[in-house]
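# Chains, contacts and geometry: an overview
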Amino acid sequence: MQIADAVIVVTGGASGIGQGLCRRFAADGAAAVIVADRDQEGGERLAAEIGGVFLPCDVAEESQVQQLVEQTIAQWGRIDLFCSNAGVTVKGGEEATDDQWGLNWQINVMSHVYASRHVLPGMVARKQGAFLVTSSAAGLLTEIGSAPYSATKHAAVGFAEWLSVRYRREGVHISCLCPAGVATEFLDLEDPIHRFLHTSSVTPDELAGQVVEGLAAEKFLIVSHKEVTDFFQFKTQDYDRWLHNFSRLRQKAERDTARSREAS
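What counts and what doesn't
- Residues numbered from 1 in each chain as written.
- Predicted model: local features only at pLDDT ≥ 70, side-chain atom pairs only at ≥ 80, totals over all residues.
- Heavy atoms only, no water.
- Phe/Tyr/Trp six-rings, centres within 6.5 Å; stacked < 30°, edge-to-face > 60°.
- Lys NZ or Arg CZ within 6 Å of the ring centre and 35° of its normal.
- Core = buried A, V, L, I, M, F, W, Y, C linked by side-chain atoms within 4.5 Å.
- Buried < 20%, exposed > 50% of the residue type's maximum accessible area, 1.4 Å probe, protein only.
- Helix = DSSP H or I, 4+ residues; strand = E, 2+ residues; numbered from the N terminus.
- Contact = heavy atoms within 4.5 Å.
- Salt bridge = Lys/Arg side-chain N within 4 Å of Asp/Glu carboxyl O.
- Axes fitted to C-alpha atoms, helices over the stretch in contact; angles between N-to-C directions.
- Parallel < 35°, antiparallel > 145°, perpendicular 65-115°, else oblique.
- Left-handed = near helix turned anticlockwise from the far one by under 90°.
- Expected span 1.5 Å × (residues − 1).
- Polar contact = N/O pair within 3.5 Å; in protein donor to acceptor, adjacent residues only side chain to side chain.
- Pairing = 2+ DSSP bridges.

Right, let's get into the packing of aromatic side chains. Taken as a whole and assessed by the stated rule, the structure comprises five aromatic pairs. Taken together through their ring pairs, the aromatic side chains of Phe231, Tyr239, Trp242 and Phe246 make up a single cluster. Sitting over the face of the ring of Tyr167, Arg166 holds its NZ or CZ atom 4.5 Å from the ring centroid.

In structure tokens:
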């Protein structure tokens, strides 16, 4: 997948990882960068900055995803790369409310399903195109502080994997982005795990460079940190030991949080 002269759509494009992707794609000579987001002000500002186009889209609504795809194709005739990037998170475990679980499921999983329904048929017909699912290192490992986020990001990896198996012999390349710490608003520095991730976090622009390299190499799994790959390999080699080690990390995080509260 080459970025130059490509028509590219990025959901969740107004901020964070999506913003970094949009800037990099524009800098690399994309024919069109469509910034899709619920944040109209932020999306329009970024589109004006990079010479792109803003299209409003709430990815939790299939009708809006369909409209986004149809508008893009109507104006440019095709979509070469669709970055299904929008995501949400919430703290908590099984006690998180049904609404919180539902929102994470709708945006972190179903948005990818909606996008694939409306994007992939055109790519298959042309026998070319790329589809990027943004998951998370939590989708390969876990997110200690959020069961809804961890479970739905695992589902996103599983869906991307299925898409890759289904479509790779039809000229469509599927990639799954699984970053660890990225310096965005997702990193809550009051959370001890997030503070740890921040110590080695990459910027959205740095991550975008890794994405471009991964797409050019037609890699399925794109990760931001070698440690993620190492932990993932360890997980498959000794699952019980991996679970034990991550439970110790959770215990340490809880102790650090308690100490911080006592100190304040």
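Generally speaking, soluble globular proteins have nonpolar side chains that are buried together. Residues Leu68, Phe82 and Phe131 are the most contacted members of the largest nonpolar core, which totals 44 residues. No other element matches helix H4 (residues 98–126), which puts nine residues into this core. Leaving out residues up to four positions away in the same chain, Phe131 has contacts with Leu81, Phe82, Ser84, His112, Ala115, Ser116, Val119, Leu120, Leu163, His173, Ile174 and Ser175. Ile17, Leu81, Leu207 and Val212 belong to the second-largest nonpolar core, a separate cluster that totals 29 residues.

On to the pattern of salt bridges, then. Per the stated rule, a full pass over the model turns up eight salt bridges. For Arg23, the salt bridge is made with Glu49, and the minimal N-O distance between the two is 2.8 Å. Here Arg23, found in helix H1 (residues 16–27), pairs with Glu49, found in helix H2 (residues 40–50); they are 26 residues apart in sequence, far enough to count as distant. Taking the relative accessible area as the measure of exposure, Arg23 reaches 29% and is therefore partly exposed. Among the salt bridges present, the one from Arg126 reaches Asp80, with a minimum N-O distance of 3.0 Å. Of this pair, Arg126 sits in helix H4 while Asp80 sits in the loop between helix H3 (62–76) and strand E4 (81–84); the two residues are 46 residues apart in sequence, bridging distant segments of the chain. Look at Arg126 and you get partly exposed, because its relative accessible area is 30%. Because the salt bridges share partners, they merge into one network encompassing Arg78, Asp80 and Arg126.

The next point concerns the packing of H4 against helix H5 (residues 147–167). Axis separation between H4 and H5 bottoms out at 8 Å; the angle between their running directions is 15°. Classed by the angle they form, the pair H4 and H5 counts as roughly parallel. Two packed elements cross with a definite hand, and for H4 against H5 that hand is right-handed. For the pair formed by H4 and H5, the contact residues are Trp101, Asn104, Trp105, Asn108, Val109, His112, Val113, Ser116, Leu120 and Val124 on the first element and Ala147, Pro148, Tyr149, Ala151, Thr152, Lys153, Ala155, Ala156, Phe159, Leu163 and Tyr167 on the second.

Another point: helix H7 (residues 204–216). A rise of 1.5 Å per residue sets the reference length of H7, with its 13 residues, at 18 Å; its end C-alpha atoms lie 18 Å apart and thus fit the reference within 8%. Listing the buried residues of H7 in full gives Pro204, Leu207, Ala208, Gly209, Val211, Val212, Gly214 and Leu215. Each element contacted by the buried residues of H7 is listed here: H1, E4, strand E5 (129–134), strand E6 (172–178) and strand E7 (221–223).

Turning to H5, a few remarks are in order. Since the α-helix turns once every 3.6 residues, residues separated by three or four places project in the same direction. In a regular helix each residue adds 1.5 Å, so 21 residues correspond to 30 Å; H5 covers 30 Å between its end C-alpha atoms and thus fits that length. Looking at H5, one finds that the buried residues are Pro148, Tyr149, Ser150, Thr152, Lys153, Ala156, Val157, Phe159, Ala160, Leu163, Ser164 and Tyr167. Buried-residue contacts for H5 involve H4, E5 and E6. Taking the backbone nitrogen of Tyr149 as reference, a side-chain oxygen 3.1 Å away marks Ser146 as the first, capping residue of H5.

Turning our eyes to something else, we now look at the sheet that holds strand E1 (residues 7–11). On the basis of which strands lie adjacent, the open sheet formed by seven strands has the order E3-E2-E1-E4-E5-E6-E7 and parallel pairing. The sheet is open, and its two edges are formed by strand E3 (53–56) and E7, each paired on a single side. Across this sheet, the average inter-strand angle for adjacent strands is 20°, counted without regard to direction. Note: E6 against E7, three bridges, orientation parallel. Each bridged residue has a counterpart across the sheet, and for Cys176 the counterpart in E7 is Leu221. This element, H1, spans E1, strand E2 (32–37), E4, E5 and E6 of the sheet and lies at about 165° to E1. The sheet strands contacting H5 are E5 and E6, and the helix crosses E6 at an angle near 160°.

Our focus in this paragraph is the environment of Cys57. As for its position among the elements, Cys57 is in the loop between E3 and H3. In this structure Cys57 comes out as buried when scored by relative accessible area, which is 4%. Each C-alpha atom of the pair Cys57 and Ala36 lies 5.6 Å from the other, and the pair is 21 residues apart in sequence. Every residue in contact with Cys57, bar those within four places of it in the chain, is listed here: Ala36, Asp37, Arg38, Gln64, Val65 and Leu68.

Looking now at the pairing of E5. Burial analysis of E5 places six of its six residues in the buried class, which makes it a mostly covered element. Two strands pair when backbone bridges link them, and E4 and E5 are joined in this way by four bridges, in the parallel orientation. Opposite Leu81, over in E5, you have Ala130 as the bridge partner. Inspection of the sheet shows E5 paired to E6 by six bridges, in the parallel sense. Of the residues in E6, the one forming a bridge with Val133 is Cys176.

The quantities given are spatial measurements derived from coordinates; they are silent on function.
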